[in-house]
Amino acid sequence: MSATLTPAPPKPRPTPSKRASTALPRPPALTVDPSALIAQHAALAGPHPILVAANVVLHPHARISSLHGKVLLGEGVCVAERAVVGVQGAVVGASVGGMGAGGGVVVGNGVCIETGAVVEAGEVGEGTVVEAGGRVGRGCVVGKFCTITAASVVPPDTEIPDFTVVYGMGLRRVDTTLKERVELQEMRLLMHAKQIEVFKKLIPNNVGKWMG
Amino acid sequence: MSRPTTRRPAPKGEYIETDSGNKVSRRAAITGTANITLGGRTVIQSDVHLRGDLHPTRAMPSSTSSSKPEAPPTSISIGRCTVISTGCVIKPPSRVSRGAVHYYPMKIGDNVFVGPGSTISAISISSHVHIGENVVIQPFAIVKENVKILSNTIIPSHMVIPSGSVVAGRPARVVGEVGEGWGVSAGGSSSGGLGSVGGGAGAPWVEGGDLRELVRAIK
């Protein structure tokens, strides 16, 4: 082999693509209540502040992303595995610029976000349940004690009044029983609190990683 | 060289194979492994979440009387030759009983195929069940034997699916029966039942049939 034929030095290898959990910077202003439960593989990321209130439960592989605005998780919010809270992906200026929160997400007290659900809504009211695989589009305002049933899709910028059940292919009805009986609402919140207690017993807590 | 040269390092494949022939992907997210039993020759593909940590907390009547060390409670038990495809979440169901939340052990039978992206919280799934893609089975549903669940179905909680039915829809309804050919390989019979369409002509396995060949093919 002559010197002229030596191959060009190998190109620098492309840096391995980062894992989803480390792709985003750790939020500069992350406030986590010490009573929250953050499981081992849960991820909180994004350039905007994230506030995690008391008794919040983040299951393994739950994702909270403040990519386009701050995220506020109210007291006793449960985010199940593979669920995502926060506006995802690239934002087309108009769709998010229109709303006041600027891509932020406010999740009310006692909200339950089940497996694989994606919540990009501007606001989710107290006691609402988003079942497995449900999607709430960006800019939505979801009322109190709503149920977004499994795999239902709520299109962006929709307003959903209190006690609504979204089911089937975009159908809606009002849960009048729950609406008229305050004791049932209280019961629901109580049961949710008990559920959180059980989670605290069963799931190893890794909240220390996200504190301070 | 302190290490004996005859010992070769185990090949680093996608799956970890256990003594009983279970194949568990290295990229599966499994919590609470002590509470999960796999029957043997069962495949857990990548990105599957098995929530074994959500185990029953209630003291069993048998364990309270005996003084022997307590066995870990079972939360998920899966039978033989069952395939759990990519992106599934298997989560035991919970409910309120006597004023407290309890998790209940869930059981999945033999030769069950769970399609990609499904979320399973059923209390029991019997044998020879075929579950399509992106199916959601809500807590405490019971799926009996020889059932076919079409893709994107949502099975509401507490639904009992009788054996031999085909279910689909949101919420799920029984839309038909699997018929005679269910689980019989296409080569063996030419019956026109829904089941015989299974893995396509010439495939070594059919929906609802013996999945041993499929399990063997996954590497």
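These numbers come from a predicted model, not from an experiment.

A. Inspection of the overall build of chain B at higher detail. The helix and strand inventory of chain B stands at 2 helices and 23 strands. Within chain B, contacts between residues at least 6 apart in sequence are counted, and of these 37% link residues at least 24 apart. Total accessible area computed for chain B in this model is approximately 10800 Å², and 51% of it derives from carbon and sulfur atoms.

B. Fine view of the interface of chain B and chain A. If you look at the interface, chain B gives 24 residues, while chain A gives 21 residues. Both sides of the chain B and chain A interface together cover about 1900 Å² of buried area, and 60% of this is carbon and sulfur. Connecting chain B to chain A are 3 salt bridges. B:Arg51 is paired through a salt bridge with A:Glu81; the nearest N and O atoms lie 2.3 Å apart.

C. Representation of the environment of A:Lys179. Residue and element names in this part refer to chain A. Residue placement: Lys 179 occurs in helix 3 (residues 176–180). Overall, the relative accessible area of 44% leaves Lys 179 in the partly exposed class. Each C-alpha atom of the pair Lys 179 and Lys 144 lies 9.8 Å from the other, and the pair is 35 residues apart in sequence. Once residues within four sequence positions are removed from consideration, Lys 179 is found in contact with Phe 163, Val 174 and Gln 185.

D. Main features of the pattern of salt bridges. For the coordinates displayed, the defined rule picks out 10 salt bridges over all chains. Of the charged contacts, one joins A:Arg181 and A:Glu183 as a salt bridge, the two residues approaching to 3.2 Å between their closest N and O atoms. For the salt bridge of B:Arg216 with B:Glu213, the shortest nitrogen-to-oxygen distance reads 3.1 Å. With B:Arg216 and B:Glu213 both in helix 2 (residues 212–217) and 3 residues apart, this pair spans about one turn of that helix. Each of the salt bridges in this network shares a partner with another, and the network as a whole consists of A:Glu81, A:Glu114, B:Arg51, B:Asp53 and B:Lys91.

E. Just the sheet that holds strand 7 (residues 76–80) of chain B, in detail. All names here are of chain B. Judged by pairing direction, the sheet is parallel, and its 6 strands sit side by side in the order 4-7-12-15-18-21 without closing on themselves. Each edge of the sheet is formed by a strand with only one pairing partner; in this case those strands are strand 4 (36–40) and strand 21 (160–161). Pairing geometry for strand 18 (residues 142–143) and strand 21, over 2 bridges, is parallel. Across the sheet, Val 143 pairs through a bridge with Ile 161, a residue of strand 21.

F. How the structure looks around the environment of B:Asp210. Residue and element names in this part refer to chain B. Residue position: Asp 210 is located in the loop between strand 23 (173–177) and helix 2. Classification of Asp 210 by relative accessible area gives partly exposed; the value is 39%. With 82 residues separating them in the primary sequence, Asp 210 and His 128 have C-alpha atoms 7.7 Å apart. Once residues within four sequence positions are removed from consideration, Asp 210 is found in contact with Asn 111 and Trp 205.

Reading guide: rules and limits
Residues numbered from 1 in each chain as written. Chains lettered and ligands numbered in written order. Predicted model: local features only at pLDDT ≥ 70, side-chain atom pairs only at ≥ 80, totals over all residues. Heavy atoms only, no water. Helix = DSSP H or I, 4+ residues; strand = E, 2+ residues; numbered from the N terminus. Contact = heavy atoms within 4.5 Å. Areas by Shrake-Rupley, 256 points an atom, 1.4 Å probe, with all protein chains shown as cover. Buried area = accessible area lost by both parts, 1.4 Å probe. Salt bridge = Lys/Arg side-chain N within 4 Å of Asp/Glu carboxyl O. Buried < 20%, exposed > 50% of the residue type's maximum accessible area, 1.4 Å probe, protein only. Pairing = 2+ DSSP bridges.

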